[in-house]
Amino acid sequence: MMSRSEELFARAVKRIPGGVNSPVRAYKNVGMTPRFIQGASGPYVFDVDGNQYIDYILSWGPMMQGHNNQEILNAVVRAAENGLSYGAATEIEVEMAELLCENLPHLEMVRMVNSGTEAVMSAIRAARGFTGRDKVIKFMGCYHGHSDAMLVKAGSGVMTAGVPDSAGVPEGCTRDTLSAVYNDLGSVEELFARCPKQVAAVIVEPVAANMGVVLPAPGFLAGLRRLCDENGALLIFDEVITGFRLAFGGAAEYYGIRPDLVTYGKIIGAGMPVGAYGGRREIMELVAPCGNVYQAGTLSGNPVAMAAGITQVRYLLEHPEVYEETNRTAELLFGGMEELLQRYGRPCTLNHVGSLGSIFFTPGPVHNYAQAKGSDTEEFARYFRWMLDHGIHLAPSQFEAIFVSRSHGKETTEKTLEALEGYLKEQ
């Protein structure tokens, strides 16, 4: 007899490509049918078959306090009672912009958009408009959304599917995208030397979290700042994953590096479809209608999404203990995983920082895209299936992150480690 998830997937594949509306939701690479989620609360999600799972996806990061936070939910309901969308300016957009800019030193002006992809696309356009240059340096394995110019040796779902470049992207769209090696400043220097006075920006995930979690080597981010300054290029931090997670000020605060532009995603909407980009005033004042760098969006600054986002951002600002508690739980989880892997002699690598982490089924180390690609994805699939069968909801890809929230704690950590130990004993 088919489960409810299997029935829904059978229907979905007839009308939705691959049966999912985003490739990272597919279970193809782990040989299973996706679980269809009906609801969520705290650290748990519940599928349509009535199963409960400890969730480490957290809508890909934004649920810092766990799912279905009551204060955020109340704010959304109040905003929705006034209307869902106006296509006009609202007071809450101003309040959100003031809140962000007054508390993030690298943000002098900000523009709301609807996704991380849109934020990156717009930030790159602003950088090109400001510098008058065309070329952009990115890093192999870093994912910056699905805009044409960024689908070059990208991470996330593209990496999982084994398709480093997308069909349907004209050659001209990627002609000015240059790929460097993450954690290798020499590869960046080489590209700058090859294209003198042509590079508008270097864009980087300060902690790469779309080829698994790969930490910046000591001096790497500072070196990027120096190289950009020396070559007249802008430094863009893609903080769609790390923003408001590693610290209130994201990786910029955590590592003490000031980018020229920064992009954010759904975390500033508490999980709703929101994005933003911003940075130095002189750059952002080139964005229409102030300047001639055009970018627009009917739903940008949507009042319901802003209500959710401003509630979350204010709470994180006023309650720094969220980070202390979350990181403490994460350290127990990742530390416990490391201890188990060592105890059972498994040749795996565990990378983690703050409340972000990932396990690679490779002896390691993993400092870049090539090393991440060396992971045993068949072993990951076996691990994933075991953990799901034992109530642990992980991303169905070797190359995604584990996210921990404040709502996770001792009980969820112990259950997760118990499941992992069971897997290691069985192998």
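From a predicted model like this one, the values you see are computed outputs, not experimental measurements. (Residues numbered from 1 in each chain as written. Predicted model: local features only at pLDDT ≥ 70, side-chain atom pairs only at ≥ 80, totals over all residues. Heavy atoms only, no water.)

Enquirer: Looking at this structure, how should I read the environment of Ala127?
Expert: Structurally, Ala127 is set in helix α4 (residues 116–131). The spacing of Ala127 and Leu261 is 134 residues in sequence and 8.2 Å in space, taken between C-alpha atoms. Leaving out residues up to four positions away in the same chain, Ala127 has contacts with Ala200, Ala201, Leu234, Ile236 and Leu261. (Helix = DSSP H or I, 4+ residues; strand = E, 2+ residues; numbered from the N terminus. Contact = heavy atoms within 4.5 Å.)

Enquirer: I'm lost on the packing of helix α7 (residues 185–194) against helix α8 (residues 220–231) in this one. Help?
Expert: When two helices pack together, their arrangement is given by the angle between the helix axes and by the axis-to-axis distance. Contact geometry for α7 and α8: axes closest at 10 Å, N-to-C directions at 10°. As far as their axial angle goes, α8 and α7 are roughly parallel. Taken as a pair, α7 and α8 cross one another with a handedness that is right-handed. For the pair α7 and α8, contact is made by Leu185, Val188, Glu189 and Phe192 and by Phe220, Gly223, Leu224, Arg226, Leu227, Cys228 and Asn231, respectively. Its residues assigned to classes, the contact of α7 with α8 comprises seven nonpolar, two polar and two charged. (Axes fitted to C-alpha atoms, helices over the stretch in contact; angles between N-to-C directions. Parallel < 35°, antiparallel > 145°, perpendicular 65-115°, else oblique. Left-handed = near helix turned anticlockwise from the far one by under 90°. Nonpolar A, V, L, I, M, F, W, Y, C, P; charged D, E, K, R; others polar.)

Enquirer: How do you make sense of the layout of surface pockets when you look at a structure like this?
Expert: Considered as a void within the structure, the second largest pocket measures approximately 340 Å³ in volume. Surrounding the second largest pocket, 13 residues form its lining, Ala97, Met109, Val110, Arg111 and Met112 being those nearest its centre. Only α3 (91–103) and β4 (109–113) provide two or more residues apiece to the lining of the second largest pocket. In terms of residues, the lining of the second largest pocket owes the most to one element, β4, which gives four residues. Broken down by class, the residue content of the lining of the second largest pocket amounts to 10 nonpolar, one polar and two charged. (1 Å grid on protein atoms, 1.4 Å probe; cavity = no way out; pocket = protein on both sides within 12 Å on 5 of 7 lines; lining within 4 Å. Points joined across faces, edges and corners; volume = space filled by probe spheres on them.)

Enquirer: Please explain the environment of Thr177 as it appears in this structure.
Expert: Within the secondary structure, Thr177 is located in strand β6 (residues 177–180). What makes Thr177 buried here is its relative accessible area of 8%. Considering only alpha carbons, one finds Thr177 and Ile137, 40 residues apart in sequence, at a separation of 6.0 Å. (Buried < 20%, exposed > 50% of the residue type's maximum accessible area, 1.4 Å probe, protein only.)

Enquirer: Could you clarify how one ought to interpret α8 in this entry?
Expert: Between the first and last C-alpha of α8 there are 16 Å, a value that for 12 residues agrees with the 16 Å anticipated at 1.5 Å per step. Within the sequence span of α8, burial applies to Phe220, Leu221, Gly223, Leu224, Arg225, Leu227 and Cys228. Each element contacted by the buried residues of α8 is listed here: β5 (135–139), α7, β7 (199–204), β8 (234–238) and α9 (250–255). Gly232 lies just past α8 and shows a positive phi near 70°. (Expected span 1.5 Å × (residues − 1).)

Enquirer: Any chance you could explain the nonpolar core here in plain terms?
Expert: The tendency in soluble globular proteins is for nonpolar side chains to be buried side by side. In terms of nonpolar packing, the biggest core is built from 64 residues, with Leu100, Ile137, Phe139, Tyr182, Leu224, Phe244 and Ile268 touching the most fellow members. The leading source of residues in this core is helix α11 (residues 303–318), at nine residues. If you look at the next biggest cluster of nonpolar residues, it comprises 33 residues, including Ile54, Leu341, Ile359 and Ile402. (Core = buried A, V, L, I, M, F, W, Y, C linked by side-chain atoms within 4.5 Å.)

Enquirer: Would you explain the sheet that holds β4 in this entry?
Expert: The strands that make up a sheet are held in pairs by hydrogen bonds between backbone atoms, and each pair lies either parallel or antiparallel. If you walk across this open sheet you meet the seven strands as β4-β10-β9-β8-β7-β5-β6, and the pairing is mixed. Bordering the open sheet on either side are β4 and β6, each of which pairs with just one other strand. Averaged over all neighbouring strand pairs, the angle between strand axes comes to 20°, with direction disregarded. Taken together, the three bridges between β5 and β7 define a ladder with parallel strand orientation. If you follow Ile137 over to β7, its bridge partner there is Val202. (Pairing = 2+ DSSP bridges.)

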